[in-house]
Amino acid sequence: MLALSMQETDSGLCYMVQGVGGSNRATPNDTVVISFDVTASDLTTPLQKLSAARVHVKVSDLMPGLAEGIQMMTADSKGVFLVPPALSYGAGKWPDGAAKNEPLIYRVTLHEIEAAGAAAP
């Protein structure tokens with residue numbers, strides 16, 4: 001992963017996060033607004049069925065690798081995550097177009113963090 005300037009967590013998630021400022025990071029119980037583009041491990045094949053814009057989702061409801069990555073980010077930051085199979089679909093059903101047991105590359109923008117227990121606007 002050095003060629004991609006990525007770091008690796010103990011779980012095997014490879015990541016690169018840009019624009020992290022402040023100290024408010026998402027927690028598992030928070031809801032986030034994220035946009036993400038997903039590509040196959042060849043770095044060129046887009047997986048459009050897995051990509052989405054401005055999704056409201058609770059961090060703990062995301063696949064383990066993406067949830068781990070989101071918790072490294074602050075609002076308005078961007079990240080690239082190479083999610084290994086064990087932290088994505090593992091032994092479960094893989095989506096069409098995604099090669100089974102291959103890493104997935106997520107390019108994520110974290111737009112907002114809605115803290116757990118915060119009143120909705």
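Residues numbered from 1 in each chain as written. Predicted model: local features only at pLDDT ≥ 70, side-chain atom pairs only at ≥ 80, totals over all residues. Heavy atoms only, no water.

(A) Seen up close, the pattern of salt bridges. Overall, the coordinates contain one salt bridge when judged by the stated rule. Residue Arg54 pairs with Glu112 through a salt bridge whose shortest N-O separation is 3.4 Å. Taken together, the positions of Arg54 in strand S4 (residues 52–58) and Glu112 in strand S6 (residues 104–114) put the pair 58 residues apart, joining distant regions of the chain. Glu112 sits in the partly exposed class, given a relative accessible area of 34%. (Salt bridge = Lys/Arg side-chain N within 4 Å of Asp/Glu carboxyl O. Helix = DSSP H or I, 4+ residues; strand = E, 2+ residues; numbered from the N terminus. Buried < 20%, exposed > 50% of the residue type's maximum accessible area, 1.4 Å probe, protein only.)

(B) Structural context of the environment of Glu114. Turning to its location among the elements, Glu114 is positioned in strand S6. Sequence separation of Glu114 and Val17 is 97 residues, and the distance between their C-alpha atoms is 20 Å. Dropping the residues within four chain positions of it, Glu114 is found in contact with Asp30, Thr31, Val33 and His56. (Contact = heavy atoms within 4.5 Å.)

(C) Representation of the environment of Gln18 within the structure. Structurally, Gln18 is set in strand S2 (residues 14–18). Once the C-alpha coordinates of Gln18 and Asp61 are considered, the two residues, 43 residues apart in sequence, prove to be 23 Å apart. Setting aside anything within four residues of it in sequence, one finds Gln18 in contact with Ser77 and Lys78.

(D) Region of interest: the nonpolar core. Core analysis: the largest hydrophobic core is formed by 28 residues, its most contacted members being Ile34, Ile70, Phe81, Tyr106 and Val108. Of all elements in the fold, only strand S3 (31–39), helix H1 (64–70), strand S5 (77–83) and S6 reach the threshold of two or more residues within this core. Beyond its immediate sequence surroundings of up to four residues, Ile70 is in contact with Ala26, Val32, Ile34, Val59, Leu62, Phe81, Val108 and Leu110. (Core = buried A, V, L, I, M, F, W, Y, C linked by side-chain atoms within 4.5 Å.)

(E) Quick peek at the side chain of Thr39. If you trace the backbone, Thr39 turns up in strand S3. By relative accessible area, Thr39 is classed as buried at 10%. There is a polar contact of 3.3 Å between the side chain of Thr39 and the side chain of Arg107. When residues no more than four places from it in sequence are discounted, the contact partners of Thr39 are Thr45, Pro46, Leu47, Leu104, Ile105 and Arg107. (Polar contact = N/O pair within 3.5 Å; in protein donor to acceptor, adjacent residues only side chain to side chain.)

(F) Structural view of the sheet that holds S5. Across the sheet, which stays open at both edges, the six strands sit in the order S1-S2-S5-S6-S3-S4 with antiparallel pairing between neighbours. Two strands lie at the open edges of the sheet, namely strand S1 (7–8) and S4, each paired on one side alone. Note that S3 and S6 share nine bridges and pair antiparallel. Each bridged residue has a counterpart across the sheet, and for Thr31 the counterpart in S6 is Glu114. (Pairing = 2+ DSSP bridges.)

(G) Region of interest: the packing of aromatic side chains. Evaluated as defined, the whole model comprises two aromatic pairs. Measuring from centroid to centroid gives 5.8 Å for Phe36 and Tyr106, while their planes differ by 50°, and the two rings are tilted. Placement of the pair is Phe36 in strand S3 and Tyr106 in strand S6, with a sequence separation of 70 residues. Across the pair, Tyr106 and Phe36 agree in class, each one buried. Each ring, one from Tyr89 and one from Trp94, has its centre 5.4 Å from the other, and the planes form 55°; the classification is tilted. (Phe/Tyr/Trp six-rings, centres within 6.5 Å; stacked < 30°, edge-to-face > 60°.)

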